[in-house]
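Secondary and tertiary structure notes
Below are the chains, spelled out letter by letter.
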Amino acid sequence: MFAYIGAALKIIKLFCIPGAPIGKKVVIFVDDLNMPKLDTYGAQPPVELLRQYQDFKGFYDREKLFWKEIKDVIICAACAPPGGGRNPVTPRFIRHFSMFSIPTSAEHTLKHIFKSIVSGFLTEFPNEVRTAAEAIVASSVEIYMRMSTDLLPTPAKSHYIFNLRDLSKCIQGVLQADPGTVRDYSQIFRLFCHEAQRVFHDRLINDEDKRYFNTILAEMSQKHFSQTVDPELFESKPILYGDFMKMGADPADRMYEELTDMNKLQTILNDYLDDFNLNSSKEMRLVFFMDAIQHVTRISRMVRQPRGNALLVGVGGTGKQSLTRLAAHMAGYKCFQIELTRGYDYAAFREDLKQLYYSAGLDKKHTVFLFTDTQIVVEEFLEDINNILNSGEVPNLFEPEEYEKVLAGTRPAAKDVGIAENDRDGVFAYFISQVRNNLHIVLCMSPVGEAFRTRCRMFPSLVNCCTIDWFTEWPREALFSVARRFFEEIELGGDEVKESISEMCVETHLSVSHTAERFYNELRRRYYTTPTSYLELINLYLSMLEDKRKKLVGACDRVKNGLKKLLETNELVDKMQVELVALEPQLKQKSLDTEKLMEKLQIDQEEADKVRKVVLVDESAAKEKAAETEAIATEAQRDLDEALPALHAANKVRG
């Protein structure tokens, strides 16, 4: 707060005192004064800081540690009565103010204001439609009064907070009517019913509250429109409106019309989905059952409205993000979502906000900022988003150089609407108005736990400045459609089998849901069965089916290969048998020839044996002769050896 106030003030150069420019005063408006949370000792630090200024006309500079006096600054504050997260403000602070209590506008005042608006808008419509102005306003105001009185916020319904913004949204929705499509009384009546449902009905969390609202709407139909409507028809035959039935149409040429042909609507949505997948790196697989169709038309309506923002509440897997991306694509808007990384912090978040502001304020590009509760690294993220929703301005978002860049880029467009170039505040206010017109925030949150309730209390603009769409559990028809779509391209033996398996998945999921409800009633402990768990059930079945099929196919392949080998072996044996029969005469002849050859060999063997015997006798005689010869040679050598010495001696004597 200190930094924001310091940034809003000028420095008086003569005395170096922060404050208003010479000859002027600065009025600082503090909204929701009693929203800050009480600390341990029951004080509210932001309020105490403001009280310090009121008492001593200054603050301590926490960086340079000196007292900083402030001149010509007036504080104006506003708050709602204590209760619902709002705390009493200390009298030590209140004593500095002149208090004005602004009561709730009387019913006749609201009717007078909004009747003037609606009547002026319907001047170009047929007389039959113009006569409905009073009925529209009276019904809207009475519904608003009864919802505010009868459906009060509770811990489980912390978002049941109705204010004049909701009444304005209902009338604003009616003002989207096109003279070319709304030509009679019944059409303007159905449009009113649709807008009332979108503002009041879509935030209700259970069937009991929805039936109560439908009963009120049926009563208003009979009382003010003279139309008898069964409350059950609002659920069994929902009224849907949209301006996206003509693909590729210019935004200025789109007509807000009733969507009566569900088959055509489903086809158009599938065409949008196919077009989205062609232009997106990540493919989306959506099944457009009735519940999904209603939600995507609601989101499309929210982002197409001037300064339209949405709060989508539902457990994980209900399709909040996917349907938002599709709705942004249908509107021709860019869908931006932050990318969380390891080092993503508050500074990185503010850098992303700057890029969004440049795109929406300077480039005037319609952008949908999709933000989920899983992306809340620090609660300061929601503080900035709360400011964007409430006023469009984030305190101290731009550095001085960036602020000058914004002013320079905005001046030409601001000049065209009559804002002087030297009016810096006016130029920046025009820039903020462009941001609010072109930037549509869609928040996706889960109601599980205390976080959602706490954030609704701490950041009231999440509820007050957004149209709420509560995503309930998927109905049986939705569960069956999703399962049928998953099994559509799977071979299961016939359509009857697919129907049975789809029904089995539905019964399994619903039985777990009923058991979880019984578990909560008996033990007061929650076990959540979400659409994500249902999709996991189907994917688990498909993966197990695929694994089992692979095993069976492998076993079949092995059996086929074995049979093939057996058949090939049998064929080879038969072929060899045929060849054997063909070769049998030759084999017999060869056998006879072999026998004759064996007989001849036997005779030759006998002759050879006789010759061998003779050779053996001769060999024996030769061996004896050789032995005798060797003995004679040995004896002669001995005699020679004896005679040689005598010979050598004689030769020596003679020489």
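The rules behind the values
Residues numbered from 1 in each chain as written. Predicted model: local features only at pLDDT ≥ 70, side-chain atom pairs only at ≥ 80, totals over all residues. Heavy atoms only, no water. UniProt positions renumbered as here; feature names shortened; annotations may be inferred. Helix = DSSP H or I, 4+ residues; strand = E, 2+ residues; numbered from the N terminus. Patch = residues over 30% accessible without salt bridge, like charges linked within 9 Å, V, L, I, M, F, W, Y side chains within 5 Å. Areas by Shrake-Rupley, 256 points an atom, 1.4 Å probe, with all protein chains shown as cover. Salt bridge = Lys/Arg side-chain N within 4 Å of Asp/Glu carboxyl O. Lys, Arg positive; Asp, Glu negative; His and termini not counted. Charge placed at Lys NZ, Arg CZ, Asp CG, Glu CD. Buried < 20%, exposed > 50% of the residue type's maximum accessible area, 1.4 Å probe, protein only. Phe/Tyr/Trp six-rings, centres within 6.5 Å; stacked < 30°, edge-to-face > 60°. Pairing = 2+ DSSP bridges. Axes fitted to C-alpha atoms, helices over the stretch in contact; angles between N-to-C directions. Contact = heavy atoms within 4.5 Å. Parallel < 35°, antiparallel > 145°, perpendicular 65-115°, else oblique. Left-handed = near helix turned anticlockwise from the far one by under 90°. Nonpolar A, V, L, I, M, F, W, Y, C, P; charged D, E, K, R; others polar.

Quick notes on the UniProt feature "domain: Dynein 2 heavy chain 1 cytoplasmic ATPase lid" (unreviewed entry) in the chain
- The UniProt feature table records "domain: Dynein 2 heavy chain 1 cytoplasmic ATPase lid" (unreviewed entry) at residues 121–210.
- Taken as a whole, residues 121–210 contains 61% helix and 0% strand, while its terminal C-alpha atoms sit 30 Å from one another.

Structural notes on a negative patch on the surface
- A cluster of acidic side chains, namely Asp207, Asp230, Glu232 and Glu235, defines a negative patch on the protein surface.
- Checked against the element boundaries, Asp230 lands in the loop between helix H9 (207–224) and helix H10 (233–236).
- Accessibility expressed as a relative area gives 42% for Asp230, which makes it partly exposed.

Thoughts on the packing of aromatic side chains
- Taken as a whole and judged by the stated rule, the model has 29 aromatic pairs.
- Judged by centre distance (6.1 Å) and plane angle (65 degrees), the ring pair of Tyr357 and Phe398 falls under edge-to-face. Of this pair, Tyr357 sits in helix H14 (residues 346–362) while Phe398 is found in the loop between helix H15 (380–390) and helix H16 (400–416), placing the two residues 41 residues apart along the sequence. Considered together, Tyr357 and Phe398 belong to a single accessibility category, that of buried residues.
- Residues Phe452 and Trp470 carry aromatic rings whose centres are separated by 6.2 Å and whose planes lie at 75 degrees to one another, so their mutual orientation is edge-to-face. Placement of Phe452 in helix H18 (residues 451–458) and of Trp470 in strand E13 (residues 467–470) is noted, with a sequence separation of 18 residues between them.

Concerning the pattern of salt bridges
- According to the stated counting rule, one finds 32 salt bridges in the structure shown.
- Taking the shortest distance from any N to any O, the salt bridge between Lys71 and Glu69 comes out at 2.9 Å.

Thoughts on the UniProt feature "domain: Dynein heavy chain AAA module D4" (unreviewed entry) in the chain
- With numbering aligned to this structure, UniProt lists the feature "domain: Dynein heavy chain AAA module D4" (unreviewed entry) at residues 284–543.
- Along residues 284–543, the helical share is 58% and the strand share 9%, with 20 Å between the first and last C-alpha atoms.

Points about the sheet that holds strand E11 (residues 367–372)
- An order of E10-E11-E12-E9-E13 is seen for the five strands of this open sheet, with the pairing classed as parallel. Only two strands of the sheet have a single neighbouring strand rather than two, namely strand E10 (334–336) and E13. On average, each strand axis in the sheet is inclined to that of its neighbour by 20 degrees, with strand direction left out of account.
- By the bridge criterion, three bridges tie E10 to E11 in an arrangement that is parallel. Counted as the bridge partner of Cys335 is Val368 from E11.

What to know about the side chain of Gln434
- Here Gln434 shows up in helix H17 (residues 424–438).
- Classification of Gln434 as buried rests on a relative accessible area of 12%.
- Aside from chain neighbours lying at most four places away, what touches Gln434 is Ala360, Gly361 and Lys364.

Quick notes on the packing of helix H4 (residues 107–121) against helix H7 (residues 164–174)
- Axis separation between H4 and H7 bottoms out at 10 Å; the angle between their running directions is 20 degrees. One way to sum up the angle between H4 and H7 is to call them roughly parallel. The crossing of H4 and H7 is right-handed. Of H7, the residues touching H4 (which contributes Leu110, Phe114, Val118 and Phe121) are Leu164, Leu167, Ser168, Ile171 and Val174.
- Among the residues forming the contact of H4 with H7, the class breakdown is eight nonpolar, one polar and no charged.

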